[in-house]
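# Structural overview
So you can see what is in the structure, the chains are spelled out below.
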Amino acid sequence: MVTKPSFSEEIASLLHAVHANSVKTCIQCGTCSGSCPVARFMDYTPRKVIAMINAGLKDLVLAGNTFWYCASCYSCTVRCPRGIDIAELMYALKRYSIWKNQYKEGLVGPVFSETFVKTILKSGRSYEPVLATSYLFTFGVQEFLQEAQTATSLMLKGRIPVLRPRIKRLENFRRMVRRIIPLGGD
Ligand code: SF4
Ligand code: SF4
């Protein structure tokens, strides 16, 4: 009989896939949390998140903002005495949270990630005019005008393409992305 992997085993296999050390080897020294520039804004420090993963507290981990607030500075990764790639763990948790469609309400990160991937699926390339306009209307009028002005001057200077760029063999690319991230193509 096939048994369902535990939360910590699922995360372990995501880390194994990128050749990162297992979080099971963590000694809870706290160096990662002490090195993290954004730890004070996190619901749980990196050290605590690792303890929670090892304790199988999946719902609590996914309901926290820790991995969405990670700035990917890698300070924790280079200082961890057990060689655990904590920054990569934060990426793994982001992917896992999107796959499971389970994340804290009101965070910009998950919505932005989904919008970004859907934009990429359209043409194979990032296209700022569409991505930016998804968010511009959530700003105030002054910010909207300021952003629109900046975008127009970047476009006039050729820094933002007027037409959406499109890659060759787009279908192959879409299939590949959908295998990694199960999102719709709209
Ligand atoms: S620095 Fe490494 S060993 Fe120490 S608590 Fe963080 S992950 Fe665990
Ligand atoms: S990589 Fe993320 S978790 Fe690690 S120190 Fe930087 S911000 Fe904190």
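Residues numbered from 1 in each chain as written. Chains lettered and ligands numbered in written order. Predicted model: local features only at pLDDT ≥ 70, side-chain atom pairs only at ≥ 80, totals over all residues. Heavy atoms only, no water.

### Observations regarding the site of ligand 1
- The environment of ligand 1 is made up of 14 residues, and the closest members are Cys 26, Cys 29, Gly 30, Cys 32 and Cys 80.
- Secondary structure elements with two or more residues in the shell around ligand 1: α2 (31-35) and α3 (46-54).
- For the shell around ligand 1, the per-class residue count stands at 9 nonpolar, 3 polar and 2 charged. (Near = heavy atom within 4 Å. Helix = DSSP H or I, 4+ residues; strand = E, 2+ residues; numbered from the N terminus. Nonpolar A, V, L, I, M, F, W, Y, C, P; charged D, E, K, R; others polar.)

### Here we look at the packing of α3 against helix α7 (residues 86-99)
- Two elements in contact, α3 and α7, have axes separated by 11 Å at closest approach and are oriented at 60°. In terms of axis orientation, α3 runs oblique to α7. With respect to the hand of their crossing, α3 and α7 are arranged in left-handed fashion. Here Pro 46, Val 49, Ile 50 and Ile 53 of α3 lie close against α7, whose contacting residues are Ile 86, Leu 89, Met 90 and Leu 93.
- Looking at side-chain class alone, the contact of α3 with α7 contains 8 nonpolar, no polar and no charged residues. (Axes fitted to C-alpha atoms, helices over the stretch in contact; angles between N-to-C directions. Parallel < 35°, antiparallel > 145°, perpendicular 65-115°, else oblique. Left-handed = near helix turned anticlockwise from the far one by under 90°. Contact = heavy atoms within 4.5 Å.)

### Describing unusual backbone geometry
- In this structure, Gln 28 is a non-glycine residue whose phi angle is positive, near 55°.
- Within the fold, Gln 28 resides in the loop between α1 (7-17) and α2.
- We note that Tyr 74 has phi near 70°; this positive angle belongs to a residue other than glycine.
- In this fold, Tyr 74 is placed in the loop between α5 (66-69) and α6 (75-79).

### Notes on the pattern of salt bridges
- The final tally for this structure, using the stated rule, is 5 salt bridges.
- Notably, a salt bridge pairs Lys 100 with Glu 10, separated by 3.9 Å at the nearest N-O pair. Of this pair, Lys 100 sits in the loop between α7 and α8 (108-123) while Glu 10 sits in helix α1, and the two are 90 residues apart along the sequence.
- When its relative accessible area of 38% is taken as the criterion, Lys 100 is described as partly exposed.
- Between Asp 43 and Lys 104 there is a salt bridge, with its nearest N and O atoms 2.8 Å apart. You can see Asp 43 sitting in the loop between α2 and α3 and its partner Lys 104 sitting in the loop between α7 and α8, a full 61 residues away along the chain. (Salt bridge = Lys/Arg side-chain N within 4 Å of Asp/Glu carboxyl O. Buried < 20%, exposed > 50% of the residue type's maximum accessible area, 1.4 Å probe, protein only.)

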